[in-house]
Amino acid sequence: MAKLRLARKTNHRGDNMNPHRRALLAGMSAAPLLSLPSFARAQNAKNYPGGPITLIVPFPPGGGTDASSRLIAQVMSQRTGWNIVVENRPGAGGNIGLGLLSHANPDGMTIGMGQTSNLAINPSLYKTMPYDARKDFTPIALVAGQPMILVVREGSPYATLQMLVTAAKARPRSLNMASAGIGTVGHLAGEMFAKQAGIKFFHVPYPGAARALADLAGGQVDLYFGTPASVLPLIQSGKLHAVAVTSPERLPAAVDVPTIAESGYAGFAAEDWKALVAPRGTPAAIVETLNRAANEALQQPETKKRFAAEGSATLGGSAAEAATFIAAEYDRWGQAVRDSGTKME
(Lines give C-alpha, C1' and ligand atoms only; values in the text may rest on other atoms or scores of the structure.)
Protein backbone atom coordinates (compact mmCIF):
# COMPACT_ATOMS: atom_id res chain seq x y z
CA MET A 1 0.00 0.00 0.00
CA ALA A 2 1.47 3.30 -1.03
CA LYS A 3 2.51 5.63 1.74
CA LEU A 4 1.51 9.10 0.63
CA ARG A 5 2.08 12.40 2.29
CA LEU A 6 0.24 15.62 1.73
CA ALA A 7 2.55 18.32 0.44
CA ARG A 8 2.94 21.82 1.83
CA LYS A 9 3.43 24.03 -1.19
CA THR A 10 4.89 27.49 -1.25
CA ASN A 11 4.73 28.05 -4.98
CA HIS A 12 2.06 27.29 -7.54
CA ARG A 13 4.54 26.39 -10.24
CA GLY A 14 6.53 23.99 -8.09
CA ASP A 15 9.58 26.10 -7.17
CA ASN A 16 10.90 25.25 -3.70
CA MET A 17 8.81 22.11 -3.87
CA ASN A 18 8.34 20.39 -0.53
CA PRO A 19 10.17 17.05 -0.37
CA HIS A 20 6.89 15.29 0.44
CA ARG A 21 5.48 16.53 -2.85
CA ARG A 22 8.58 15.24 -4.62
CA ALA A 23 8.15 11.86 -2.94
CA LEU A 24 4.54 11.76 -4.04
CA LEU A 25 5.34 12.54 -7.65
CA ALA A 26 8.64 10.67 -7.93
CA GLY A 27 8.56 8.24 -10.78
CA MET A 28 5.18 9.51 -11.95
CA SER A 29 5.36 11.28 -15.27
CA ALA A 30 1.62 11.85 -15.09
CA ALA A 31 0.52 13.40 -18.32
CA PRO A 32 -2.18 16.03 -17.84
CA LEU A 33 -5.59 14.47 -17.79
CA LEU A 34 -7.07 17.45 -19.58
CA SER A 35 -7.19 17.67 -23.36
CA LEU A 36 -6.39 20.90 -25.13
CA PRO A 37 -9.53 22.99 -25.58
CA SER A 38 -10.94 23.77 -28.97
CA PHE A 39 -10.59 27.28 -30.37
CA ALA A 40 -14.21 27.99 -29.50
CA ARG A 41 -13.77 26.87 -25.92
CA ALA A 42 -10.58 28.87 -25.62
CA GLN A 43 -12.51 31.95 -26.77
CA ASN A 44 -15.20 31.26 -24.13
CA ALA A 45 -12.51 30.92 -21.47
CA LYS A 46 -11.40 34.49 -22.17
CA ASN A 47 -14.78 35.72 -20.97
CA TYR A 48 -14.89 33.42 -17.97
CA PRO A 49 -16.70 33.44 -15.62
CA GLY A 50 -19.36 35.78 -17.00
CA GLY A 51 -21.62 35.28 -13.95
CA PRO A 52 -21.80 33.74 -10.47
CA ILE A 53 -19.85 30.51 -9.92
CA THR A 54 -21.63 27.90 -7.79
CA LEU A 55 -19.42 25.97 -5.38
CA ILE A 56 -21.23 22.81 -4.28
CA VAL A 57 -20.31 21.78 -0.74
CA PRO A 58 -21.53 18.21 -0.16
CA PHE A 59 -21.86 18.62 3.61
CA PRO A 60 -24.09 20.68 5.94
CA PRO A 61 -23.41 24.29 6.92
CA GLY A 62 -21.24 24.80 9.98
CA GLY A 63 -18.95 21.79 9.59
CA GLY A 64 -15.26 21.67 8.75
CA THR A 65 -15.73 21.18 5.01
CA ASP A 66 -18.25 24.02 4.88
CA ALA A 67 -15.91 26.38 6.75
CA SER A 68 -12.97 25.55 4.48
CA SER A 69 -15.10 25.95 1.36
CA ARG A 70 -16.45 29.32 2.43
CA LEU A 71 -12.95 30.52 3.29
CA ILE A 72 -11.43 29.62 -0.09
CA ALA A 73 -14.51 30.96 -1.92
CA GLN A 74 -14.30 34.23 -0.02
CA VAL A 75 -10.60 34.79 -0.67
CA MET A 76 -10.84 33.74 -4.34
CA SER A 77 -13.74 36.17 -4.80
CA GLN A 78 -11.84 38.99 -3.11
CA ARG A 79 -8.74 38.45 -5.21
CA THR A 80 -10.49 38.07 -8.57
CA GLY A 81 -13.72 40.03 -8.28
CA TRP A 82 -15.70 36.89 -9.07
CA ASN A 83 -18.94 36.01 -7.30
CA ILE A 84 -18.56 32.48 -5.89
CA VAL A 85 -21.75 31.27 -4.22
CA VAL A 86 -21.55 28.34 -1.80
CA GLU A 87 -24.40 25.84 -2.11
CA ASN A 88 -24.65 23.13 0.57
CA ARG A 89 -25.97 19.81 -0.77
CA PRO A 90 -25.34 17.30 2.04
CA GLY A 91 -26.12 13.62 2.31
CA ALA A 92 -24.70 10.10 2.02
CA GLY A 93 -21.21 11.03 3.15
CA GLY A 94 -20.82 13.65 0.44
CA ASN A 95 -22.20 11.46 -2.37
CA ILE A 96 -25.32 13.54 -3.07
CA GLY A 97 -23.49 16.81 -3.64
CA LEU A 98 -20.79 15.28 -5.81
CA GLY A 99 -23.42 13.33 -7.70
CA LEU A 100 -25.10 16.61 -8.61
CA LEU A 101 -21.76 18.08 -9.63
CA SER A 102 -21.04 15.14 -11.93
CA HIS A 103 -24.14 16.07 -13.99
CA ALA A 104 -23.49 19.83 -14.08
CA ASN A 105 -22.57 21.61 -17.31
CA PRO A 106 -18.77 21.43 -17.79
CA ASP A 107 -18.42 25.17 -18.31
CA GLY A 108 -16.68 26.12 -15.05
CA MET A 109 -19.79 27.78 -13.66
CA THR A 110 -20.39 24.91 -11.22
CA ILE A 111 -17.51 23.44 -9.23
CA GLY A 112 -17.38 21.41 -6.03
CA MET A 113 -15.38 20.63 -2.93
CA GLY A 114 -14.16 17.05 -3.01
CA GLN A 115 -12.36 15.41 -0.13
CA THR A 116 -10.98 12.15 1.19
CA SER A 117 -14.40 10.68 1.91
CA ASN A 118 -16.29 11.35 -1.31
CA LEU A 119 -13.38 10.93 -3.74
CA ALA A 120 -11.28 8.20 -2.09
CA ILE A 121 -13.25 6.30 0.57
CA ASN A 122 -16.89 6.16 -0.51
CA PRO A 123 -16.32 4.42 -3.87
CA SER A 124 -15.12 1.34 -1.97
CA LEU A 125 -17.45 1.81 1.00
CA TYR A 126 -20.84 2.09 -0.74
CA LYS A 127 -22.38 -0.68 -2.80
CA THR A 128 -23.66 1.79 -5.37
CA MET A 129 -22.43 5.30 -6.18
CA PRO A 130 -24.10 8.18 -8.07
CA TYR A 131 -20.80 9.00 -9.81
CA ASP A 132 -17.47 7.51 -10.83
CA ALA A 133 -14.86 9.26 -8.71
CA ARG A 134 -12.09 8.38 -11.17
CA LYS A 135 -13.82 9.52 -14.36
CA ASP A 136 -16.53 12.09 -13.66
CA PHE A 137 -14.43 14.97 -12.33
CA THR A 138 -11.58 17.20 -13.42
CA PRO A 139 -9.34 18.17 -10.48
CA ILE A 140 -8.69 21.90 -10.14
CA ALA A 141 -6.39 22.17 -7.12
CA LEU A 142 -5.65 20.65 -3.75
CA VAL A 143 -6.87 23.06 -1.07
CA ALA A 144 -5.90 21.88 2.43
CA GLY A 145 -5.08 18.84 4.49
CA GLN A 146 -5.19 17.98 8.15
CA PRO A 147 -4.17 14.96 10.21
CA MET A 148 -6.10 13.08 12.83
CA ILE A 149 -5.05 13.26 16.47
CA LEU A 150 -5.19 10.02 18.44
CA VAL A 151 -6.65 10.89 21.83
CA VAL A 152 -7.56 9.09 25.05
CA ARG A 153 -9.21 10.40 28.20
CA GLU A 154 -7.07 12.31 30.66
CA GLY A 155 -5.69 9.81 33.17
CA SER A 156 -5.95 6.88 30.75
CA PRO A 157 -3.41 4.06 31.23
CA TYR A 158 -2.62 4.40 27.50
CA ALA A 159 -0.77 7.70 27.68
CA THR A 160 1.75 6.76 24.98
CA LEU A 161 1.44 4.94 21.70
CA GLN A 162 3.62 2.10 22.93
CA MET A 163 1.49 1.62 26.03
CA LEU A 164 -1.62 1.47 23.87
CA VAL A 165 -0.08 -1.04 21.44
CA THR A 166 1.22 -3.22 24.25
CA ALA A 167 -2.25 -3.39 25.81
CA ALA A 168 -3.90 -4.12 22.46
CA LYS A 169 -1.46 -6.95 21.72
CA ALA A 170 -2.00 -8.48 25.14
CA ARG A 171 -5.80 -8.36 24.79
CA PRO A 172 -6.88 -8.25 21.12
CA ARG A 173 -10.12 -6.33 20.50
CA SER A 174 -10.36 -5.33 24.16
CA LEU A 175 -9.71 -1.64 23.48
CA ASN A 176 -12.76 0.22 22.21
CA MET A 177 -12.00 2.63 19.35
CA ALA A 178 -14.74 5.21 18.95
CA SER A 179 -15.39 6.95 15.64
CA ALA A 180 -17.74 9.59 14.27
CA GLY A 181 -19.24 6.96 11.98
CA ILE A 182 -18.52 3.91 9.86
CA GLY A 183 -16.12 4.66 7.03
CA THR A 184 -15.12 8.10 8.27
CA VAL A 185 -11.52 9.24 7.96
CA GLY A 186 -11.00 8.79 11.70
CA HIS A 187 -12.36 5.24 11.61
CA LEU A 188 -10.17 4.20 8.69
CA ALA A 189 -7.10 6.00 10.03
CA GLY A 190 -7.48 3.83 13.12
CA GLU A 191 -7.84 0.73 10.97
CA MET A 192 -4.73 1.69 8.98
CA PHE A 193 -2.73 2.10 12.16
CA ALA A 194 -4.01 -1.15 13.67
CA LYS A 195 -2.95 -3.04 10.56
CA GLN A 196 0.55 -1.57 10.55
CA ALA A 197 0.94 -2.17 14.29
CA GLY A 198 -0.39 -5.73 14.06
CA ILE A 199 -3.21 -5.15 16.55
CA LYS A 200 -7.02 -5.22 16.59
CA PHE A 201 -9.39 -2.64 18.08
CA PHE A 202 -13.10 -3.08 18.74
CA HIS A 203 -14.76 -0.39 16.61
CA VAL A 204 -17.60 1.59 18.21
CA PRO A 205 -19.19 3.93 15.63
CA TYR A 206 -21.17 6.96 16.80
CA PRO A 207 -23.55 9.26 14.89
CA GLY A 208 -21.06 12.12 14.91
CA ALA A 209 -18.06 13.36 16.85
CA ALA A 210 -19.83 15.05 19.77
CA ARG A 211 -21.26 11.88 21.36
CA ALA A 212 -18.10 9.91 20.68
CA LEU A 213 -15.96 12.50 22.43
CA ALA A 214 -18.35 12.75 25.37
CA ASP A 215 -18.14 8.99 25.94
CA LEU A 216 -14.36 9.05 25.51
CA ALA A 217 -13.98 11.75 28.16
CA GLY A 218 -16.34 9.78 30.39
CA GLY A 219 -14.36 6.55 30.06
CA GLN A 220 -16.98 4.54 28.14
CA VAL A 221 -14.55 4.05 25.21
CA ASP A 222 -10.76 3.99 25.11
CA LEU A 223 -9.48 5.90 22.09
CA TYR A 224 -10.49 8.10 19.19
CA PHE A 225 -8.89 9.48 16.02
CA GLY A 226 -10.32 12.98 15.65
CA THR A 227 -9.77 16.18 13.70
CA PRO A 228 -7.73 18.90 15.41
CA ALA A 229 -10.75 21.22 15.45
CA SER A 230 -12.82 18.67 17.37
CA VAL A 231 -10.25 17.49 19.91
CA LEU A 232 -7.84 20.37 20.58
CA PRO A 233 -10.28 22.31 22.80
CA LEU A 234 -10.82 19.19 24.94
CA ILE A 235 -7.07 18.59 25.15
CA GLN A 236 -6.51 22.18 26.22
CA SER A 237 -9.27 21.94 28.85
CA GLY A 238 -7.68 18.82 30.34
CA LYS A 239 -10.45 16.38 29.44
CA LEU A 240 -8.48 14.50 26.78
CA HIS A 241 -4.85 13.50 26.35
CA ALA A 242 -3.17 13.59 22.92
CA VAL A 243 -1.17 10.43 22.15
CA ALA A 244 0.00 10.98 18.56
CA VAL A 245 -0.83 12.67 15.26
CA THR A 246 -1.24 10.90 11.92
CA SER A 247 0.66 13.41 9.74
CA PRO A 248 4.29 12.93 8.61
CA GLU A 249 5.32 16.03 10.59
CA ARG A 250 4.20 17.33 13.95
CA LEU A 251 1.20 19.61 14.00
CA PRO A 252 2.05 23.29 14.65
CA ALA A 253 -1.03 23.58 16.85
CA ALA A 254 0.24 20.68 19.01
CA VAL A 255 4.03 20.64 18.65
CA ASP A 256 4.56 18.52 21.77
CA VAL A 257 2.54 15.62 20.38
CA PRO A 258 4.68 13.08 18.47
CA THR A 259 3.71 11.63 15.12
CA ILE A 260 2.85 7.96 14.73
CA ALA A 261 5.67 7.73 12.17
CA GLU A 262 8.31 8.94 14.62
CA SER A 263 6.92 6.67 17.35
CA GLY A 264 8.11 3.52 15.65
CA TYR A 265 5.80 3.19 12.62
CA ALA A 266 7.86 4.63 9.80
CA GLY A 267 5.99 6.01 6.83
CA PHE A 268 2.60 6.09 8.51
CA ALA A 269 0.42 8.95 7.28
CA ALA A 270 -3.34 9.39 7.18
CA GLU A 271 -4.70 12.85 6.51
CA ASP A 272 -8.04 14.30 5.51
CA TRP A 273 -7.68 16.51 2.44
CA LYS A 274 -9.90 18.77 0.38
CA ALA A 275 -9.72 19.58 -3.32
CA LEU A 276 -11.66 21.73 -5.75
CA VAL A 277 -13.02 19.73 -8.67
CA ALA A 278 -15.09 20.43 -11.77
CA PRO A 279 -17.29 18.21 -13.96
CA ARG A 280 -15.48 16.07 -16.51
CA GLY A 281 -14.99 17.90 -19.78
CA THR A 282 -14.46 21.36 -18.29
CA PRO A 283 -12.11 23.17 -20.71
CA ALA A 284 -8.46 23.10 -19.73
CA ALA A 285 -8.19 26.89 -20.07
CA ILE A 286 -10.97 27.38 -17.51
CA VAL A 287 -9.44 24.79 -15.17
CA GLU A 288 -6.13 26.65 -15.40
CA THR A 289 -7.87 29.95 -14.63
CA LEU A 290 -9.52 28.44 -11.57
CA ASN A 291 -6.26 26.80 -10.53
CA ARG A 292 -4.37 30.10 -10.64
CA ALA A 293 -7.08 31.82 -8.59
CA ALA A 294 -7.11 29.01 -6.01
CA ASN A 295 -3.34 29.03 -5.64
CA GLU A 296 -3.20 32.80 -5.27
CA ALA A 297 -5.84 32.59 -2.54
CA LEU A 298 -4.01 29.77 -0.75
CA GLN A 299 -0.74 31.71 -0.74
CA GLN A 300 -2.21 34.63 1.19
CA PRO A 301 -0.83 34.82 4.76
CA GLU A 302 -4.30 35.31 6.22
CA THR A 303 -5.58 32.21 4.42
CA LYS A 304 -2.72 30.12 5.78
CA LYS A 305 -3.31 31.54 9.26
CA ARG A 306 -7.02 30.74 9.23
CA PHE A 307 -6.50 27.18 8.01
CA ALA A 308 -3.71 26.68 10.58
CA ALA A 309 -6.07 27.76 13.36
CA GLU A 310 -8.17 24.64 12.69
CA GLY A 311 -5.13 22.38 12.37
CA SER A 312 -4.96 22.37 8.57
CA ALA A 313 -2.16 23.23 6.15
CA THR A 314 -2.80 24.84 2.79
CA LEU A 315 -1.71 22.76 -0.21
CA GLY A 316 -2.14 24.05 -3.76
CA GLY A 317 -0.16 23.01 -6.84
CA SER A 318 -1.11 22.32 -10.43
CA ALA A 319 -4.24 20.56 -11.63
CA ALA A 320 -2.09 17.67 -12.88
CA GLU A 321 -0.51 17.26 -9.44
CA ALA A 322 -3.96 17.23 -7.87
CA ALA A 323 -5.08 14.54 -10.32
CA THR A 324 -2.04 12.38 -9.54
CA PHE A 325 -2.53 12.77 -5.81
CA ILE A 326 -6.27 12.01 -5.84
CA ALA A 327 -5.76 8.90 -7.99
CA ALA A 328 -3.18 7.53 -5.56
CA GLU A 329 -5.36 8.33 -2.55
CA TYR A 330 -8.28 6.54 -4.22
CA ASP A 331 -6.20 3.36 -4.26
CA ARG A 332 -4.80 3.81 -0.74
CA TRP A 333 -8.04 4.55 1.09
CA GLY A 334 -9.91 1.98 -0.98
CA GLN A 335 -7.49 -0.64 0.29
CA ALA A 336 -8.10 0.55 3.85
CA VAL A 337 -11.85 0.08 3.37
CA ARG A 338 -11.35 -3.43 2.01
CA ASP A 339 -8.94 -4.32 4.84
CA SER A 340 -11.49 -3.17 7.40
CA GLY A 341 -14.28 -5.25 5.87
CA THR A 342 -16.61 -2.25 6.11
CA LYS A 343 -19.54 -1.83 3.74
CA MET A 344 -22.44 0.61 3.49
CA GLU A 345 -25.67 0.00 1.58
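Numbering of residues starts from 1 in every chain and runs along the sequence as written. The model is predicted, so local features are restricted to residues of pLDDT at least 70 and side-chain atom pairs to those at 80 or more, both for listing and for counting; the totals for chains, interfaces and linings are taken over all residues. Only hydrogens and water are set aside when side-chain values are computed; all heavy atoms of the structure are taken into account.

> Please provide a residue-by-residue account of the overall build of the protein, values included.
A tally of helices and strands in the protein yields 12 helices and 11 strands. Type-normalised accessible area, obtained with a 1.4 Å probe on protein chains alone, sets the label of each residue: buried when under 20%, exposed when over 50%, and partly exposed for intermediate values. Looking at the protein residue by residue over its 345 residues, the buried ones come to 55%. We call two residues in contact when some of their heavy atoms are within 4.5 Å. Summarising the internal contacts of the protein: among those between residues at least 6 apart in sequence, 78% fall at separations of at least 24. For the protein, the accessible area works out to roughly 14,500 Å², and carbon and sulfur atoms hold 53% of it. Each helix is a run of DSSP H or I of at least 4 residues and each strand a run of E of at least 2, with the numbering of both proceeding from the N terminus. Working definition of accessibility: Shrake-Rupley area with a 1.4 Å probe, residue cover restricted to the visible protein chains.

> So what's going on with the pattern of salt bridges? Residues and values would help.
The term salt bridge refers to a side-chain nitrogen of Lys or Arg lying within 4 Å of a carboxyl oxygen of Asp or Glu. Across all of its chains, the model carries 8 salt bridges by this definition. A salt bridge links D66 to R70; its shortest N-O distance comes to 2.9 Å. Taken together, the residues span about one helical turn, with D66 and R70 both in helix α3 (residues 64–80) at a distance of 4 residues. Its relative accessible area of 37% is what places R70 among the partly exposed residues.

> Break down the sheet that holds strand β2 (residues 84–88) for me, with residues and values.
Hydrogen bonds between backbone groups are what pair the strands of a sheet, and the pairing can be parallel or antiparallel. Think of it this way: DSSP has to see at least two bridges between two strands before they count as a pair. Pairing is mixed in the open sheet, where 6 strands are placed in the order β2-β1-β3-β10-β4-β11. Only two strands of the sheet have a single partner each, and these edge strands are β2 and β11 (313–314). In the sheet, strand β1 (residues 53–57) pairs with β2 via 5 bridges, with the strands oriented parallel. Bridge pairing in β2 places L55 opposite V86. To obtain an axis, a line is fitted to C-alpha atoms, over the contacting stretch when the element is a helix, and the angle between two such axes runs from 0 to 180 degrees between their N-to-C directions. Along the sheet, α3 contacts β1, β2, β3 (110–115) and β10 (271–279); its crossing angle with β2, the most-contacted strand, is approximately 165°. Sitting on the sheet, helix α12 (residues 319–340) touches β4 (137–147) and β10, and the angle it makes with β4 is about 65°.

> Just give me the short version of the sheet that holds strand β6 (residues 176–179), but keep the residues and values in it.
Spatial ordering of the open sheet is given by β7-β6-β8-β5-β9, a layout of 5 strands whose pairing is mixed. The open sheet is flanked by β7 (202–205) and β9 (240–245), the only strands paired with a single partner. Direction aside, neighbouring strands of the sheet carry axes that sit 30° apart on average. Pairing geometry for β6 and strand β8 (residues 223–226), over 2 bridges, is parallel. Each residue of the ladder has a partner; that of M177, found in β8, is L223. Here helix α8 (residues 209–218) sits on the sheet in contact with β5 (149–153), β6, β8 and β9, set at roughly 145° to β8. Sheet strands in contact with helix α9 (residues 228–236) are β5, β8 and β9, and its direction is about 40° off that of β5.

> Describe in detail the confidence of the model for the protein, supporting the description with residues and values.
Per-residue confidence from the predictor is reported as pLDDT, which spans 0 to 100. In the predicted model, the protein carries a mean pLDDT of 88, and 87% of its residues have values of at least 70. Contacts for the low-pLDDT stretch residues 1–43, under 50 throughout, to residues beyond four places or in other chains number 79 contacts.

> How would you summarise the nonpolar core if you had to cite specific residues and measurements?
F193, F201, L223, F225 and W333 are the most contacted members of the largest nonpolar core, which has 51 residues in total. The domain boundaries here were taken from an automatic or database domain assignment. For this core, the domains that each give at least three residues are domain 1 (51–146 + 272–340) and domain 2 (149–263). Not counting residues up to four positions away in its chain, the partners in contact with F193 are L161, V165, I199, F201, F225, I260, Y265 and F268. In terms of nonpolar packing, the next biggest core, distinct from the first, is built from 28 residues, I53, L71, V86 and A294 among them. Here, nonpolar core means buried Ala, Val, Leu, Ile, Met, Phe, Trp, Tyr and Cys residues that are tied together by side-chain atoms lying within 4.5 Å of each other.

> Account for the pairing of β1, with residues named and values stated.
Taking burial as the measure, the 5 residues of β1 include 4 buried ones, the bulk of the element. Throughout, right-handed denotes a crossover for which the path from the first strand over the helix to the second runs clockwise when the strands point away from the viewer. In terms of handedness, the path from β1 via α3 over to β2 forms a crossover that is right-handed. Bridge count for β1 against β3 is 3 bridges, and the pairing is parallel. Counterpart to L55 in the pairing with β3 is I111.

> Outline the packing of helix α7 (residues 185–197) against α12, supporting the account with residue identities and numerical values.
The N-to-C vectors of α7 and α12 enclose an angle of 75°; their axes lie 10 Å apart at closest approach. Classed by the angle they form, the pair α7 and α12 counts as roughly perpendicular. Residue-level inspection shows V185, L188, A189, E191, M192 and K195 of α7 in contact with α12, the latter providing R332, W333, A336, V337, D339 and S340. In this count, Pro and Cys sit with the nonpolar residues alongside Ala, Val, Leu, Ile, Met, Phe, Trp and Tyr, while Asp, Glu, Lys and Arg are called charged and the others, Gly among them, polar. Residues that form the contact of α7 with α12 fall into these classes: 7 nonpolar, 1 polar and 4 charged. Convention used here: angles under 35 degrees read as roughly parallel, angles over 145 as roughly antiparallel, angles from 65 to 115 as roughly perpendicular, and any remaining angle as oblique.

> Would you mind going over the packing of aromatic side chains in detail, with residue names and values included?
Classification of ring pairs uses Phe, Tyr and Trp, with its six-membered ring standing for Trp, and accepts pairs whose centres are within 6.5 Å; under 30 degrees between planes counts as stacked, over 60 as edge-to-face, and the remaining range as tilted. The full count for this structure, using the stated rule, is 5 aromatic pairs. Measuring from ring centre to ring centre gives 5.7 Å for Y48 and W82, while their planes differ by 80°; the resulting arrangement is edge-to-face. Taken together, the positions of Y48 in the loop between α2 (39–46) and β1 and W82 in the loop between α3 and β2 put the pair 34 residues apart, joining distant regions of the chain. Ring geometry for F193 and Y265: centres 5.2 Å apart, planes at 80°, overall edge-to-face.

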